[in-house]
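# Coordinates in review
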Amino acid sequence: MLKQEQVLELEPSIELRFKGPFTDVVTTNLKLKNPTEKKICFKVKTTAPRRYCVRPNSGIIDAKSSVTVSVMLQPFDYDPNEKSKHKFMVQTIFAPPNVTDMEVMWKDAKPEDLMDSKLRCVFEMPSENERVNDIEASKVVSQVSAPKPESGSGSKPLSTSLDDIEIRKVLEECKRLQAEVGRLSDENRSLKDDGLRLRKVAQSDSSALSTGSSAIRDTGSSALPSLLVVIAAIFIGFFLGKFIL
């Protein structure tokens, strides 16, 4: 049984061209137009699924409307001597009424109801003139998109004002720390003076204590003979009184 002829109009219809350099993602668009009075389901397939990202890769196109599919080629090392064998296929089918599950619909689709279109991929590097023009265009875009400084001599960029605020905060913190260091130095000096005074008082007290103890020892030693004389006199008087009586 013959397959149905593709009813979608593809733009481009034969090949997808990707223009280098290929050091970054290169995107090309594929337009799918539905000229019929019915809804059409579609899905996009490729022979190199790891090399491309397709958005959207499936969906439904309403009657008399179109969908643009973005095909993104991933970066790779381009070899001009190597011919591309990558191909894409757009597969379509008239949408059944009240379709809800697309996967089930595609799985149950009959081969004679399917329509498809195939496109080959072409890689091309830009010419020298085009490369120079692209570089100049990118420079112009960067200059236009670059933010301009505000006019007026008194105005400063936001980053500069923020830096000034941070510097003032740091200077104030340094002053506070210096004052704190000075206060701690004064307290340390005062503690040292108090320690010296306490050591002097302790030394004077110890010398006075030693002098007093030596004086007590001298007084005790000098008073001892007198006490013995008194005791001897008492005994002598006691004995003499006995003999006299």
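Residues numbered from 1 in each chain as written. Predicted model: local features only at pLDDT ≥ 70, side-chain atom pairs only at ≥ 80, totals over all residues. Heavy atoms only, no water.

On to the overall build of the chain, then. When helices and strands are tallied, the chain shows three helices and nine strands. Sequence-ordered secondary structure for the chain, helices as α and strands as β, is β-β-β-β-β-β-β-β-α-β-α-α. Relative to its full complement of 245 residues, the chain shows a buried share of 19%. Taking as baseline every contact in the chain between residues at least 6 positions apart, the subset at least 24 positions apart corresponds to 71%. (Helix = DSSP H or I, 4+ residues; strand = E, 2+ residues; numbered from the N terminus. Buried < 20%, exposed > 50% of the residue type's maximum accessible area, 1.4 Å probe, protein only. Contact = heavy atoms within 4.5 Å.)

Applying the stated rule across the entire model yields five salt bridges. Among the ionic pairs, glutamate 15 bridges to arginine 17, the shortest N-O distance being 2.8 Å. On the accessibility criterion, arginine 17 (41% relative accessible area) is partly exposed. Here arginine 17 and glutamate 124 are joined by a salt bridge, their closest N and O atoms 3.1 Å apart. A residue pair is termed long-range when its members are at least 10 positions apart, and arginine 17 in strand β2 (residues 15–19) and glutamate 124 in strand β9 (residues 115–124) qualify at 107 residues. Owing to a relative accessible area of 30%, glutamate 124 belongs among the partly exposed residues under this scheme. Here the salt bridges do not stand alone but share partners, grouping Glu15, Arg17, Arg120 and Glu124 into one network. (Salt bridge = Lys/Arg side-chain N within 4 Å of Asp/Glu carboxyl O.)

Turning our attention to the pairing of strand β3 (residues 26–33). Across the two faces of β3 the burial differs, with Val26, Thr28, Leu30 and Leu32 buried and Thr27, Asn29, Lys31 and Lys33 not buried at all. By the bridge criterion, three bridges tie strand β1 (residues 9–11) to β3 in an arrangement that is antiparallel. Bridge pairing links glutamate 11 to lysine 31 in β3. Here β3 runs beside strand β7 (residues 66–73); their pairing, made up of eight bridges, is antiparallel. When the sheet's bridge partners are listed, lysine 33 is paired in β7 with serine 66. (Pairing = 2+ DSSP bridges.)

Below, the discussion takes up unusual backbone geometry. For residues other than glycine, phi is negative in most cases, and the peptide bonds are mostly trans. The omega torsion across glycine 20 and proline 21 is 5°, close enough to zero to call that bond cis. Topologically, proline 21 is positioned in the loop between β2 and β3. Of note, the bond from arginine 55 into proline 56 is cis; its omega dihedral lies within 30 degrees of zero at -10°. Along the chain, proline 56 falls in the loop between β5 (52–55) and β6 (58–61). In this structure, lysine 64 takes a positive phi of about 60° despite not being glycine. Relative to the helices and strands, lysine 64 is located in the loop between β6 and β7. Accessibility expressed as a relative area gives 55% for lysine 64, which makes it exposed.

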